[in-house]
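Summary of the model geometry
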Amino acid sequence: MKFDTPAGANPIDKMTVIGRPTDRIDGPAKVTGTAPYAYERHDVAPNQAYGFVVGAGVARGTIRSIDLADAEAAPGVIAIVTAENAGRLGKGRMNTAKLIAGPDVQHYHQAVALVVAETFEQARAAANLVRVDYQRVPGRFDLDAELERAPLVGGDSNEGSAAPPVDEVGDFEGAFAAADVTLDERYTTPDQSHAMMEPHASIAAWDGDQLTLWTSNQMINWGVGDVARTLQIPKDKVRLISPFIGGGFGGKLFVRADAVLAALGAKAAGRPVKVALTRPMMANNTTHRPATVQRIRLGAGRDGRLTAIGHESGSGDLEGGQPETAVAQTKLLYAGANRLTSMRLAVLDLPEGNAMRAPGEAPGLMALEMAMDEMAERLEMDPVEFRVINDTQVDPEKPERPFSQRNLIGCLRTGAERFGWDRRNAKPAQVRDGDWLVGMGVASAFRNNMTMTSGARVTLEPGGRVIVETDMTDIGTGSYTIIGQTAAEMMGVPLEQVEVRLGDSSFPVSAGSGGQWGANSSTAGVYAACVKLREAVAQRLGFNSTDDLDFTGGQVSAGGRSGQLTDAARDGAITVEDKIEFGDLGEKAQQSTFGAHFVEAAVHRMTGEIRIRRMLAVCAAGRILNPKSARSQVIGAMTMGAGAALMEELAVDKRFGFFVNHDLATYEVPVHADIPHQEVIFLDEADPQSSPMKAKGVGELGICGIGAAVANAVYNATGTRVRDYPVTLDKYL
Ligand code: MOS
């Protein structure tokens with residue numbers, strides 16, 4: 001199905017199953033430990049051996065030699081894989097660095113070897129006996145220093161085409177110089193780790209030249225392609241199976257060393273091999289959100305209207321990597337005639353930077369929305385009102401292009417009222433609660449709504465069960481449930497009558513889980529397949545009209561006649577397949593999601609301890625397919641943003657080039673005690689330009705802006721502005 005005109009009325013609009021706060025259909029399996037994660041698949045391939053990854057001990061250099069003698073002689077060792085003995089290897093399209101080092105080493109903890117043994121302990125013990133002789137060469141590890149010679153680069157624009165290195169509209173410098181009130185500040189965000197609960201893990205088994213990988217991966221089809229490219233085998237010889245995923249956040253958009261090494265280990269061992277990255281390997285072996293250095297310049301008239309908006313961001317990555325697109329939202333969020341955005345990309349020999357939940361906007365809004373708070377103060381305006389008067393209903397770079405829907409003002413106003421914003425004291429450091437200084441902060445949330453082709457296969461079985469199969473993944477987001485709800489709504493059956501099968505490359509290719517496009521795109525693909533199934537059912541029942549079909553309560557009616565859904569499949573199951581393909585609606589109108597974050601924070605006047613007291617998010621993000629799972633996405637993202645604001649930071653060792661705090665004891669993330677109260681409100685929307693579902697994404701929206709709202713609340717409490725995240729007490733005491 002081609003989606004190239006705005007959706008009219010359709011069966012989803014009934015919202016008898018869609019739009020209901022439904023429990024996750026996979027929930028019971030998950031909480032009873034019966035949902036098997038990749039490393040737990042004891043059932044699928046007999047005689048599994050264990051692989052343990054050896055990571056490079058230098059950040060940059062070459063491997064002179066690897067002495068495997070002691071490791072090979074260790075108890076239980078079956079095989080050892082290195083770049084030397086692995087045969088010819090390619091590189092995945094989504095991987096910046098190679099997944100196996102040799103002879104060159106591109107970053108610390110890049111995989112050097114996989115030791116395969118009968119038990120995990122034997123593999124780990126033997127891995128310690130692998131002796132690697134490195135020729136270490138100096139690397140570039142200091143972002144500030146490298147940015148001084150870093151070139152300007154383009155990035156992916158919001159329309160998906162390559163953006164120019166410098167994007168200027170009007171006369172930014174002139175307008176900034178002439179503005180009544182200005183701000184020119186520097187903000188920094190650190191490297192961050194996805195820190196998902198389930199580590200990267202895979203079991204590999206070969207049947208002749210056919211490889212099956214049970215793994216933990218957000219994007220099955222990308223993964224199949226990159227395994228094939230890396231191992232230099234045809235794509236149809238690779239099967240990926242990933243039905244349950246214990247968190248990804250972008251760290252599992254791509255296959256990593258566990259998958260490729262499990263495959264090579266299984267080949268060398270002649271039997272299935274399982275590999276999990278240990279927690280201390282993850283920060284340096286896999287990807288992270290790159291640190292940014294951002295300069296923001298704002299100019300406004302005394303009336304508070306922005307006349308100049310400038311945002312320049314610098315970040316680093318390995319050779320061939322991409323910039324962190326921290327200026328993306330600044331192109332679209334506020335009105336202002338004169339605009340400048342640009343990005344610099346430094347080459348760093350640190351581990352690979354890549355996408356982490358709301359790449360671009362998450363760190364970009366941490367800077368922009370703090371700058372907006374500072375600017376409101378300089379203008380002596382309320383920060384909510386300042387944002388409201390600078391709202392725009394069109395793409396400010398291309399005024400002929402409207403937003404498909406945009407209710408940022410509704411989010412700000414609703415939130416202000418519900419949060420009790422009128423109780424905020426505009427003057428900082430005025431409100432006391434015993435020994436605590438109390439403040440409130442606000443920030444806008446913005447994230448684009450991308451759409452991706454997505455396919456599904458649906459079957460009506462005799463007896464009336466509906467089976468949905470798609471390679472879509474559920475990374476803890478609720479995909480199973482909203483896909484089940486979509487099929488139930490379309491076929492007029494209860495949710496319990498639908499079975500959803502996900503995460504298998506033998507199913508039709510879906511949008512996958514990324515960029516908050518998964519919910520809208522994958523359910524739209526299921527919608528498309530169900531439209532076809534409805535037509536097939538109508539035909540079997542002998543209806544000639546297909547335009548006024550109604551499927552409700554197991555009944556099918558059309559043209560004044562009706563029949564039983566189950567009768568259509570009496571003589572055998574009906575299976576159809578289709579996909580949704582998105583036309584150019586996203587080019588004609590800017591599709592984005594909006595929100596407003598409100599935070600109350602308290603800071604101890606003696607110790608400087610920071611405590612978030614309350615958080616509220618108001619979201620305007622199209623139709624909400626399941627308010628319960630959507631809320632769960634938003635509060636999870638708010639929690640992650642609170643971590644970004646107050647604690648998360650990968651500490652770079654600038655001498656040796658690695659992230660020092662590579663475990664959960666030293667890379668701090670929020671715990672329950674850090675997040676006492678969260679509330680989420682969804683404004684009632686349906687966007688006919690986004691898809692037949694009229695939905696958008698919220699999985700990333702929730703982390704956008706929240707970090708600045710926390711920091712702004714801390715400022716309002718203390719009167720001290722910290723522009724280098726995370727906002728830790730040592731920076732303002
Ligand atoms: Mo997301 S960072 O595209 O998983």
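Each chain carries its own residue numbering, running from 1 in the written order of its sequence. Only residues with pLDDT of at least 70 are given local features in this predicted model, and only at 80 or more are side-chain atom pairs given and counted; all residues enter the totals for whole chains, interfaces and linings.

Focus on the overall build of the protein chain
Within the protein chain, the regular secondary structure consists of 17 helices and 31 strands. Every radius of gyration here is taken over C-alpha atoms, with the globule rule written as 2.2 Å times N^0.38, N being the number of residues. A globule of 733 residues ought to have a C-alpha radius of gyration of about 27 Å, and the protein chain, at 26 Å, matches this closely. For the protein chain, the spread of C-alpha atoms along the principal axes amounts to about 80 × 70 × 50 Å. Think of it as a crowd count around each C-beta: if 20 or more other C-beta atoms lie within 10 Å the residue is buried, if 12 or fewer it is exposed, and in between it is partly exposed, with C-beta placed from the backbone throughout. Buried residues in the protein chain amount to 59% of all 733 residues. Put simply, 81% of the contacts in the protein chain that link residues at least 6 apart link residues at least 24 apart. Numbering of helices and strands runs from the N terminus, with a helix taken as a DSSP run of H or I at least four residues long and a strand as a DSSP run of E at least two residues long. We call two residues in contact whenever the C-beta atoms placed from their backbones are within 7 Å.

Focus on the pairing of strand S11 (residues 201-207)
The element S11 is largely enclosed, with a buried count of five among its seven residues. Of the strand pairs in this sheet, S11 and strand S14 (residues 273-276) are connected by four bridges, and their pairing is antiparallel. Paired with Ile203 across the strands is Lys274, a residue of S14. As paired elements, S11 and strand S12 (residues 210-215) share six bridges and run antiparallel to each other. Within S12, the residue paired with Ser202 across the bridge is Thr215. A pair of strands counts as paired when DSSP detects no fewer than two bridges linking them. Linking S11 back to S12 in an antiparallel pair, the connection comprises two residues, with Gly208 at a positive phi of about 65 degrees.

A few points about unusual backbone geometry
The linkage connecting Gly102 with the following residue, Pro103, adopts the cis geometry, with an omega of -10 degrees. Within the secondary structure, Pro103 is located in the loop between strand S4 (77-82) and strand S5 (104-105). For the peptide bond that leads from Tyr725 to Pro726, omega is -5 degrees, which places it in the cis range. Not every positive phi belongs to a glycine, and Met15 is a case in point at roughly 50 degrees. You can see Met15 is positioned in the loop between strand S1 (2-3) and helix H1 (27-31). Its identity is not glycine, yet Gln516 carries a phi of approximately 50 degrees, on the positive side. With respect to the secondary-structure elements, Gln516 resides in the loop between strand S22 (498-501) and helix H13 (518-540).

Some points on the sheet that holds strand S3 (residues 61-67)
The antiparallel open sheet is built from three strands, whose spatial order is S5-S3-S7. The open sheet has two edge strands, S5 and strand S7 (131-136), and neither has a second partner. Where S3 and S5 come together, two bridges link them in antiparallel fashion. Bridge pairing links Gly61 to Val105 in S5.

A closer look at the sheet that holds strand S2 (residues 49-55)
Taken in spatial order, the seven strands line up as S4-S6-S2-S14-S11-S12-S13 in an open sheet, and their pairing is mixed. Two strands lie at the open edges of the sheet, namely S4 and strand S13 (238-241), each paired on one side alone. The sheet shows a mean angle of 20 degrees between the axes of neighbouring strands, taken without regard to direction. For helices, the fitted line uses only the C-alpha atoms of the stretch in contact; every axis is such a line through C-alpha atoms, and the angle between N-to-C directions lies from 0 to 180 degrees. Lying over the sheet, helix H6 (residues 220-231) contacts S12 and S13, oriented at roughly 140 degrees with respect to S13. Each of S2, S4, strand S6 (111-117), S11, S12 and S14 is contacted by helix H7 (residues 257-269), which is oriented at about 35 degrees to S11, the strand it contacts most.

Some details on the UniProt feature "domain: Aldehyde oxidase/xanthine dehydrogenase a/b hammerhead" (unreviewed entry) in the protein chain
Those residues carrying the UniProt feature "domain: Aldehyde oxidase/xanthine dehydrogenase a/b hammerhead" (unreviewed entry) are residues 32-138 in this numbering. Across residues 32-138, helical content stands at 12% and strand content at 33%; the span's end C-alpha atoms are separated by 50 Å. UniProt positions are given in the numbering used here, feature names are shortened, and annotations may be inferred rather than shown by experiment.

Regarding the packing of helix H12 (residues 479-491) against H13
Running from amino to carboxyl end, H12 crosses H13 at an angle of 30 degrees, the nearest separation of the two axes being 9 Å. Judged by the inter-axis angle, H12 sits roughly parallel to H13. By crossing handedness, the relation of H12 to H13 is classed as right-handed. Two secondary-structure elements touch here, H12 through Ser479, Ile482, Ile483, Thr486, Ala487, Met490 and Met491 and H13 through Gly518, Ala519, Ser522, Thr523, Val526, Tyr527, Cys530, Leu533 and Arg534. Only Asp, Glu, Lys and Arg are considered charged in this grouping, and only Ala, Val, Leu, Ile, Met, Phe, Trp, Tyr, Cys and Pro are considered nonpolar; every other residue, Gly among them, is considered polar. Residue composition of the contact of H12 with H13, grouped by class: ten nonpolar, five polar and one charged. Each angle receives one of four descriptions, namely roughly parallel if under 35 degrees, roughly antiparallel if over 145, roughly perpendicular if within 65 to 115, and oblique otherwise. Here is the rule for handedness: rotate from the far helix to the near one, and if that takes an anticlockwise turn smaller than a right angle the crossing is left-handed, while a clockwise turn gives right-handed.

A few points about the domain arrangement of the protein chain
The source of the domain bounds is an automatic or database domain assignment. Entries for the protein chain in the domain assignment read domain 1 (2-35 + 451-586), domain 2 (42-137 + 207-280) and domain 3 (152-192 + 289-449 + 588-731). Using C-alpha coordinates to define each centre, domain 1 is positioned 37 Å away from domain 2. Facing 15 residues of domain 1, the contacting portion of domain 2 comprises 19 residues. Considered class by class, the residues forming the side of domain 1 that touches domain 2 number four nonpolar, eight polar and three charged.

Topic: the environment of Pro351
Relative to the helices and strands, Pro351 is located in the loop between strand S17 (338-347) and helix H9 (361-378). Expressed as a C-alpha distance, the spacing of Pro351 and Ala645, which sit 294 residues apart in the sequence, is 22 Å. Leave out the neighbours within four places in its chain, and Pro351 touches His107, Tyr108, His109, Asn284, His288 and Phe659.

Quick word on the nonpolar core
Among the nonpolar cores identified, the biggest contains 233 residues, and Val115, Val116 and Val710 are the most heavily contacted of them. Contact partners of Val116, with chain neighbours within four places excluded, come to Ala49, Tyr50, Gly51, Ile78, Ala79, Ile80, Ala123, Gly265, Ala268, Ala269 and Val273. In this description, a nonpolar core means buried residues of the types Ala, Val, Leu, Ile, Met, Phe, Trp, Tyr and Cys, linked to one another by C-beta atoms lying within 7 Å.

Notes on the packing of H9 against helix H17 (residues 706-718)
Their axes nearest at 8 Å, the elements H9 and H17 cross at an angle of 40 degrees. As for how H9 packs across H17, the hand of that crossing is right-handed. Judged by residue contacts, Leu365, Met366, Glu369, Met370 and Asp373 of H9 engage Gly707, Ala708, Ala711, Asn712 and Tyr715 from H17. Residue classes in the contact of H9 with H17 are distributed as six nonpolar, two polar and two charged.

A word on H7
Side chains that are three or four residues apart share a direction in an α-helix, a result of its 3.6 residues per turn. In this analysis, the expected span of each helix is defined as 1.5 Å times one less than the number of residues it contains. Taking 1.5 Å as the rise per residue, H7 with 13 residues should run 18 Å; its terminal C-alpha atoms sit 17 Å apart, in good agreement. Burial analysis of H7 places twelve of its 13 residues in the buried class, the great majority of the element. Within H7 the residues assigned to the buried category are Ala257, Asp258, Ala259, Val260, Leu261, Ala262, Ala263, Leu264, Gly265, Ala266, Ala268 and Ala269. Backbone geometry just downstream of H7 places Gly270 in the positive-phi region, at approximately 70 degrees.

Focus on the pairing of strand S20 (residues 454-460)
The buried count for S20 comes to six of seven residues, which makes it a mostly enclosed element. Where S20 lies against strand S26 (residues 574-582), seven bridges are found, and the strand directions are antiparallel. By the bridge assignment for S26, Leu460 is matched with Ile574. As defined by bridge partners, S20 adjoins strand S21 (residues 466-469) across four bridges and the pair is classed as antiparallel.

Points about helix H11 (residues 408-419)
The first and last C-alpha atoms of H11 sit 16 Å apart over twelve residues, in line with the 16 Å expected at 1.5 Å per residue. Among all positions of H11, only Leu408, Cys411, Leu412, Gly415, Ala416 and Phe419 are buried. All buried residues of H11 project into a common sector of 120 degrees when viewed along the axis, lining one side. Next to the buried residues of H11 lie helix H10 (383-389), strand S19 (436-448), strand S27 (592-604) and strand S28 (610-620). Trailing H11 by a residue or two, Gly420 shows a phi angle of about 80 degrees, which is positive. In this description, one arc is meant: the one made by directions from the helix axis to the C-beta atoms.

A look at the confidence of the model for the protein chain
Within a predicted model, pLDDT stands for the predictor's per-residue confidence, ranging from 0 to 100. Within the protein chain, residue pLDDT values average 97, and 99% of them lie at 70 or more. Among the prediction metrics, the complex's ipTM stands at 0.97, with pTM recorded as 0.97.

A word on the environment of Gly76
The residue Gly76 is located in the loop between helix H2 (69-73) and S4 in this model. With 17 C-beta atoms packed within 10 Å, Gly76 lands in the partly exposed category. In this structure, the C-alpha to C-alpha distance between Gly76 and Lys628, residues 552 residues apart in sequence, is 49 Å. The residues contacting Gly76, other than those within four sequence positions of it, are Ala117, Glu118, Thr119 and Gln122.

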